[in-house]
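Fold and contact review
Okay, here's what each chain looks like letter by letter:
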2 protein chains.
Amino acid sequence: METELSRQLGIEHAIFGFTPFPAVAAAISRAGGLGVLGAVRYTAPDDLKRDLDWMQEHTDGRPYGVDVVMPAKKVEGVTEADVEAMIPEEHRRFVTDTLARHGVPELADGEASGWRITGWMEQVARNQLDVAFDYPVALLAGALGSPPADVVARAHDHGALVAALAGSAKHARRHAEAGIDVVVAQGYEAGGHTGDIASMVLTPEVVDAVAPVPVLAAGGIGSGEQIAAGLALGAQGVWLGSLWLTTTEASLGSRALTGKLLAAGSGDTVRSRALTGKPARQLRTAWTDAWDDPAGPGTLPMPLQGLLVAEAVSRIQRYEVEPLLGTPVGQIVGRMNSERGVREVFDDLTRGFERAVDRINRIAGRSAS
Amino acid sequence: METELSRQLGIEHAIFGFTPFPAVAAAISRAGGLGVLGAVRYTAPDDLKRDLDWMQEHTDGRPYGVDVVMPAKKVEGVTEADVEAMIPEEHRRFVTDTLARHGVPELADGEASGWRITGWMEQVARNQLDVAFDYPVALLAGALGSPPADVVARAHDHGALVAALAGSAKHARRHAEAGIDVVVAQGYEAGGHTGDIASMVLTPEVVDAVAPVPVLAAGGIGSGEQIAAGLALGAQGVWLGSLWLTTTEASLGSRALTGKLLAAGSGDTVRSRALTGKPARQLRTAWTDAWDDPAGPGTLPMPLQGLLVAEAVSRIQRYEVEPLLGTPVGQIVGRMNSERGVREVFDDLTRGFERAVDRINRIAGRSAS
């Protein structure tokens, strides 16, 4: 499965795997795709350094990428405490009450809240970049706005391509004007932050909007048939995130959450502002229902919502409070019904792709070749 | 573009075109697809008979289909007047006020309301079937619930295949159990009544759920590349509705509406209950905004909403009150940017499909054949 972009990156298959887990990212690169490590959760530079050292040792010299969430708008001199102070008392009370109603225990004294929004503040992202550029990163990816010009220049000096996610043609055009090298067209059905336009419509629209900049199709892709569909729509590769969450190399840290993912159907996700303040697709839970309930206080804008719920989300995960337990994931969750190794999942993708090509050729009346 | 299903129906290309306009349906069949005439607006059997006579003369002996909206639940002895009586005064006032605010004139005395929901009541649907079965209809299609057993049996006796729309695997399985022959998997991005699952995820899910019953991919398909994607996902054909609305053979009856469709982007539709009481994708207008506004009275359940707004919709269309003027249409409206004949549109689809197959083969490293 080769495109101009996959050849440029020196990977065997035009499959890009986004994941917060180094073991998953490394396995994707070893299998012949491009593993992209999500750095947002690394608030301490040393933790990222340790995991990139590990990646470096476990990718057999294959290329890999890093995803850093870089806020496009710089707000000078604003600290986390300033942002905390903007959260209304009513919303804090709503968090406390909702957790109490479901009997969620407090964290033990001194136990840190694992999930923090701070990775989305500019200084944290810049620290992550400083670390990442000590490694031979082949792709620097990012969501939420076009990367700043100095970051694009630095990545190019480093020999890395820059990719940015977009949920609309307009958004994609802005990225292209910012000098990025790859647009990830993130359809409505994708996990995490998404717009309202489904992949079937969004992918070719973005391809046309930014040509000749290459596009990756993202959203709704978890089989070789779906990869063939994304490539038929004009993409030069596919970007998969959700599918890896139930691989044996993933460390979700909660058997209950893995169980919920394996059991969920395609209709069990919701596009909700509950997690970050911007619409992000995730498992539908009693937690998202509470925030999306018109009778409640509703969500706050980014970054307030993320800061508001950070500790609550950590407690829900720590104590595996099932009705509230969720994670960003796409509609493809309906196909994630068994725990398998990354290599097996990856080989299924490439085999399914070949089958889909055979089928399309039969329909088109082309002889087998 | 041949599949088992297209061969069974004796059509050249596995492209199914749904349209309320006989001239469009006939042109699709002549071009080598299957034109399917939507019968819902024919409340008088003689009108349907006249248009099917015309179709019969203008399809050059090629097969065509008819789409009848058949309510699955039969409510004995309920008249339109009974249903009218269930509409709250508050909602009637909201219609009057919204129309007045936009200066929508009254219909002239004796001028009939063109758009009626009555085609969705069982007796009307059965009258339409009685007419349709006087013609060599090759496919009987329907939305909203599985067709009743006697209708399926009658269609089969007539030599017609029966197709039903589904927005979820569960819904599709129910259709298959009802003995239908084709499931139309209607994705989130489609025009008209839709569920929440996007085509990229829905199509293969429905294919797996009802195999070996053939599936048509619907929603987001308006180019040959999108047809290739739908077929790669396992469909045996594609079902296109929106794309024909801006063909020269269509008679929308409003230049202003055609202009709005040509100008709209993929983000200018909304899934709203404003038209029928069930979520249906349509152009976003001041009319849908009014119904979707949490400050308003909200919509009524089907069939009340359709009955409530029928005359209002007729007045908006008759007087072309632009801010309120809309129609069911899918996200593909972003690609409908010129008025062209059906034949030209159709040939573009088949050429685009061949290009997409070439591209996929290059990516798969298959030699040209």
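Residues numbered from 1 in each chain as written. Chains lettered and ligands numbered in written order. Predicted model: local features only at pLDDT ≥ 70, side-chain atom pairs only at ≥ 80, totals over all residues. Heavy atoms only, no water.

By the naming in an unreviewed UniProt entry, chain A goes by Nitronate monooxygenase family protein and is assigned to Streptomyces peucetius.

1. As for the relation of the copies chain B and chain A
Relative to chain A, chain B is turned by 180° and slid 0.0 Å along the rotation axis, the superposed coordinates differing by an RMSD of 0.0 Å. Given the turn and translation reported, the copies of this chain are related as if by a two-fold rotation axis. Looking at the rotation axis and the C-alpha trace of chain B, the residue lying nearest is B:Ala229, at 2.0 Å. When the interface residues of chain B are mapped onto chain A, 100% of them are again interface residues, pointing to one common binding face. (Least-squares fit on C-alpha atoms with pLDDT ≥ 70 in both. Contact = heavy atoms within 4.5 Å.)

2. Considering the packing of aromatic side chains
All names here are of chain A. Scanning all chains against the criterion turns up seven aromatic pairs over all chains. Considering the side-chain rings of Phe 18 and Trp 239, the 5.9 Å spacing of their centres and the 20° angle between planes classify their relative orientation as stacked. Note that Phe 18 is positioned in strand E1 (residues 15-19) and Trp 239 in strand E9 (residues 237-240), a separation of 221 residues in sequence. By way of ring pairs, the aromatic residues Phe 94, Trp 287 and Trp 291 are connected into one cluster. (Phe/Tyr/Trp six-rings, centres within 6.5 Å; stacked < 30°, edge-to-face > 60°. Helix = DSSP H or I, 4+ residues; strand = E, 2+ residues; numbered from the N terminus.)

3. Remarks on the sheet that holds strand E7 (residues 192-193) of chain A
By way of backbone hydrogen bonds, the strands of a sheet pair with one another, either parallel or antiparallel. All names here are of chain A. Spatial strand order, E7-E11-E10: three strands in an open sheet with antiparallel pairing. Two strands in the sheet have a free side with no partner beyond their single neighbour: E7 and strand E10 (269-272). Relative to strand E11 (residues 280-283), E7 runs antiparallel, the two being bridged by two bridges. What sits directly across from Gly 192, in E11, is Arg 281. (Pairing = 2+ DSSP bridges.)

4. Looking at the sheet that holds strand E8 (residues 215-218) of chain A
Residue and element names in this part refer to chain A. Strand order in the closed barrel formed by eight strands is E1-E2-E3-E4-E5-E6-E8-E9, with parallel pairing between adjacent strands. Strand-to-strand, the axes of this sheet are offset by a mean angle of 25°, without reference to chain direction. Sheet topology note: the strand E6 (residues 182-186)/E8 ladder contains four bridges and is parallel. Looking at E8, one finds that Val 184 is bridged to Leu 216. This element, helix H9 (residues 199-210), spans strand E5 (161-166), E6 and E8 of the sheet and lies at about 155° to E6. (Axes fitted to C-alpha atoms, helices over the stretch in contact; angles between N-to-C directions.)

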